[in-house]
Amino acid sequence: MTTITFRTEGDRIIGFDSQGHSGYAEEGADIVCAGITSAIRLVDATINDVLGLAASVKVREEDTSISFRLPGGLSETAEYTCQSLMTGLMVYFTELHDEFPENIEVLEEE
């Protein structure tokens, strides 16, 4: 199972941690893992490459984990955009959980 934990400080989503293989199918043929990875890459590319905001992304192949943290001190516009992206990601992963409850878990921790 893939567990995705969104990290918050008050009302602000500061990032997330994703860990584990969903187990829906073999690696390379797993549509749940593909959906998770694709969504994470889209948010990463939008925040880091398009907006140029230098969020921290740490990928560890050995335990199939990704840690993503937003930078602090963002402008009002950048903060709004990042929070919209992170909230959308949380909604997307929650919908994946509703469809594949044995393969993905979504948590929120302060």
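Before any of the text, the structure's been laid out above.
Now for a description of the structure that goes with this document. (Residues numbered from 1 in each chain as written. Predicted model: local features only at pLDDT ≥ 70, side-chain atom pairs only at ≥ 80, totals over all residues. Heavy atoms only, no water.)

Structural notes on the sheet that holds strand β1 (residues 2-9)
For the record, the criterion: DSSP-based pairing: two strands are paired if at least 2 bridges between them are found. Going along the chain from the N terminus, every DSSP run of H or I of four or more residues is numbered as a helix, and every run of E of two or more is numbered as a strand. Lines fitted to C-alpha atoms define the axes, with helix axes restricted to the stretch in contact, and inter-axis angles between N-to-C directions lie between 0 and 180 degrees.
A sheet is described by the order of its strands in space; here 5 strands give the open sequence β3-β4-β2-β1-β5, paired in mixed fashion. Each edge of the open sheet carries a strand with a single partner, namely β3 (56-60) and β5 (104-109). For this sheet, the mean angle separating the axes of adjacent strands, direction not counted, is 15°. Alignment of β1 against strand β2 (residues 12-19), held across 7 bridges, turns out to be antiparallel. By the bridge assignment for β2, Ile-4 is matched with Ser-18.

So, helix α1 (residues 31-50)
The following threshold applies: Multiply 1.5 Å by the residue count of a helix minus one, and that product is the helix's expected span. Under the scheme applied here, a residue whose accessible area is under 20% of the maximum for its type counts as buried, over 50% as exposed, and between as partly exposed, the area being computed with a 1.4 Å probe on protein chains only. What makes two residues a contact is simply this: any of their non-hydrogen atoms within 4.5 Å. Counted as a polar contact is a pair of N or O atoms within 3.5 Å, where, for protein atoms, one must be capable of donating a hydrogen and the other of accepting one, and residues adjacent in sequence contribute only when both atoms are in side chains.
An ideal rise of 1.5 Å per residue puts 28 Å on 20 residues; α1 measures up with 26 Å between its terminal C-alpha atoms. Every buried residue of α1 is accounted for by Val-32, Cys-33, Gly-35, Ile-36, Ala-39, Ile-40, Val-43, Ile-47 and Asn-48. For α1, the secondary structure elements touched by its buried residues are β1, β2, β3, β4 (65-69), α2 (76-99) and β5. Sitting at the head of α1, Asp-30 places a side-chain oxygen 2.9 Å from the backbone nitrogen of Val-32. Of the residues trailing α1, Gly-52 is marked for its positive phi of about 65°.

A closer look at the pairing of β4
In the sheet, β2 pairs with β4 via 5 bridges, with the strands oriented antiparallel. Each bridged residue has a counterpart across the sheet, and for Asp-17 the counterpart in β4 is Ser-67. When β3 meets β4, the two strands line up antiparallel, connected through 5 bridges. Following the sheet pairing, Val-59 is matched in β4 by Ile-66. Following β3, the chain reverses through 4 residues before pairing antiparallel with β4; Thr-64 in that reversal takes a positive phi of roughly 50°.

Points about the pattern of salt bridges
Put simply, the rule is: Salt bridges are identified by distance alone: a Lys or Arg side-chain nitrogen within 4 Å of an Asp or Glu carboxyl oxygen.
Taken as a whole and judged by the stated rule, the model has 6 salt bridges. The salt bridge partner of Arg-7 is Asp-17, with a shortest N-O separation of 2.8 Å. Taken as a pair, Arg-7 in strand β1 and Asp-17 in strand β2 lie far apart in primary sequence, 10 residues in all. Arg-7 sits in the partly exposed class, given a relative accessible area of 23%. By relative accessible area, which is 18% here, Asp-17 ends up buried. The partner of Arg-60 in a salt bridge is Asp-63, with the nearest N and O atoms 2.3 Å apart.

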